[in-house]
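# Coordinates in review
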Amino acid sequence: MSRPLRVLLGISGGIAAYKSAELVRLLRKGGHEVRCALTRSAVSFVTPLTLEVLSGQRVYQEEYLAATGSGEEEHITAAAWGEVLCVAPATTHVLARLALGLGDDFLTTTALAFAGPLVVAPAMHSEMWRKEATQQHVETLRRRGVWFAGPVEGPLASGEVGMGRMAEPEEIARVIAAAAGGGPLAGRTVLVTAGPTHEPVDPVRFLGNRSSGRMGFALAAEAARRGARTILVAGPVELAAPPGVIRIDVTTAREMERAVHEHAAEADLIVMAAAVADFRPRQAAERKIKKEQGLPAIELAENPDILAGLRAVAPRAVLVGFAAETHDLERNARTKLERKGADFLVANDVSRSDIAFGSGDNEVTVYRREGEPVFLSRRPKSELAASLFDLFAARLFR
Ligand code: CTP
């Protein structure tokens with residue numbers, strides 16, 4: 001349960017607006033104060049009176065503000081009052097206006113004047129969600145650190161089933177709490193590494209591996225959602241930073257080790273999801289290696305084992321390692337748990353093509369210093385991240 005917040009709730013015009021009434025009720029039940037702002041088209045989907053009664057506050061609406069002539073500075077007052085601004089549902093039109101910084105009504109001018117965290121819960125038809133224009137605006141908003149609740153897959157207003165359904169009010173309320181620094185891991189620092197490392201051979205070539213970084217990014221997103229101060233040390237990957245996460249980009253294993261050591265002492269939990277290269281070319285060639293030079297011999301040097309060295313720099317942190325194995329899963333995992341001094345070792349079988357590298361799903365067995373192994377059956381990496389955090393959090397709060 002998060003501390004009581006002052007939530008500004010923007011509601012734009014879509015069928016999902018009826019669920020905003022439920023969101024107001026839920027937030028009030030959680031002890032939060034809510035002020036609603038309706039766009040012109042939202043009024044066709046949900047009545048201001050409903051929201052006024054549920055929130056116990058006057059509702060901001062265009063026509064009313066225009067009629068009373070009090071629209072001028074109200075957006076400044078509202079922006080100063082709110083601790084979190086949430087737009088649910090957020091239509092594709094509102095997302096575009098937020099991304100572009102347009103201020104043509106009460107909600108968007110308030111968003112421009114607002115300095116705190118912004119949460120959006122998109123709701124639209126799947127074609128509109130997939131549209132390149134929409135996705136570009138979404139990407140812009142994500143890069144600015146805007147928090148997204150959903151959308152999710154499910155039945156749409158059109159009767160079809162697809163991506164674009166608004167997240168459930170409970171989920172939106174959770175994201176609001178996380179954005180405001182609430183959540184069960186508030187006050188904790190979580191350090192996550194993700195992706196591969198690239199070890200230069202010459203200016204154009206490197207030794208690398210097939211890690212996509214998706215598992216690590218899902219774990220960082222989950223940590224942030226639970227309210228932890230989250231630091232993500234990312235190898236070279238093509239993924240957008242999850243909202244609310246502090247991202248540090250690195251290329252090589254040694255750079256990753258430096259970044260991890262810099263922040264390890266602050267961390268309560270360190271999750272080494274990165275596929276760190278064990279070896280690097282001893283000396284990267286300064287100029288591109290040419291064929292005429294004949295078959296090159298690349299001498300390798302061993303990289304530092306980051307996880308194995310962590311106990312010394314973070315004696316009290318909970319340490320989590322990952323192991324990608326093609327054979328002898330259990331024996332290798334147990335050996336690594338011991339050898340690297342970790343509290344958890346999350347093992348997965350990378351010889352299977354339906355899970356792991358580049359896949360959206362994963363299936364793992366979690367070996368623990370304390371307790372029996374836990375098997376987590378195949379599921380999307382985001383869901384898996386949530387299940388893993390249930391285990392890690394139980395250890396943190398022990
Ligand atoms: N790891 C690390 N530093 C390295 C190699 C691995 O911190 N140089 C971490 C990984 O992030 C992971 C765990 O150790 O959490 C296990 O990685 P893995 O590559 O499976 O272990 P290795 O010790 O490299 O064993 P293997 O011989 O199987 O590659």
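My aim in this report is to walk through the structure given alongside it, one point at a time. Predicted model, so just to flag it, every value in this text is computed and none were measured.

So, about the layout of surface pockets. One number sums up the size of the largest pocket: a volume of about 1300 Å³. Every element with two or more residues in the lining of the largest pocket is listed here: strand 6 (147-148), helix 9 (169-179), helix 10 (214-225) and helix 14 (381-396). Taken domain by domain, the makeup of the lining of the largest pocket includes at least three residues from each of domain 1 (6-179) and domain 2 (189-397). Approximately 920 Å³ is the volume attributed to the second largest pocket. If you trace the second largest pocket, you find 39 residues lining it, with A274, A275, V276, F322 and A324 closest to the centre. Elements represented by at least two residues in the lining of the second largest pocket include exactly helix 10, strand 17 (318-325), helix 13 (329-339) and strand 18 (344-349). Across the lining of the second largest pocket, the residue classes tally to 19 nonpolar, 11 polar and nine charged.

To continue, consider empty space enclosed by the protein. Here the structure, examined in full by the defined rule, presents one cavity of 30 Å³ or more. By volume, the largest cavity amounts to about 40 Å³. Contributing to the lining of the largest cavity are L8, L9, G10, R35, C36, A37, L85, F106, L107 and T110. Going through the elements one at a time, strand 1 (6-11), strand 2 (33-38) and helix 6 (106-113) are the ones with two or more residues in the lining of the largest cavity. In terms of residue class, the lining of the largest cavity is made up of seven nonpolar, two polar and one charged.

Taking burial as the measure, the eight residues of strand 17 include six buried ones, the bulk of the element. Pairing geometry for strand 17 and strand 18, over six bridges, is parallel. The residue of strand 18 that forms the bridge with A324 is N348. With respect to chirality, the unit in which strand 17 leads through helix 13 into the neighbouring parallel strand 18 is right-handed.

About the criteria used
- Residues numbered from 1 in each chain as written.
- Predicted model: local features only at pLDDT ≥ 70, side-chain atom pairs only at ≥ 80, totals over all residues.
- Heavy atoms only, no water.
- 1 Å grid on protein atoms, 1.4 Å probe; cavity = no way out; pocket = protein on both sides within 12 Å on 5 of 7 lines; lining within 4 Å.
- Points joined across faces, edges and corners; volume = space filled by probe spheres on them.
- Helix = DSSP H or I, 4+ residues; strand = E, 2+ residues; numbered from the N terminus.
- Domains from an automatic or database assignment.
- Nonpolar A, V, L, I, M, F, W, Y, C, P; charged D, E, K, R; others polar.
- Buried < 20%, exposed > 50% of the residue type's maximum accessible area, 1.4 Å probe, protein only.
- Pairing = 2+ DSSP bridges.
- Right-handed = clockwise from strand over helix to strand, strands pointing away.

Don't take any of this as a statement about function, it's just geometry.
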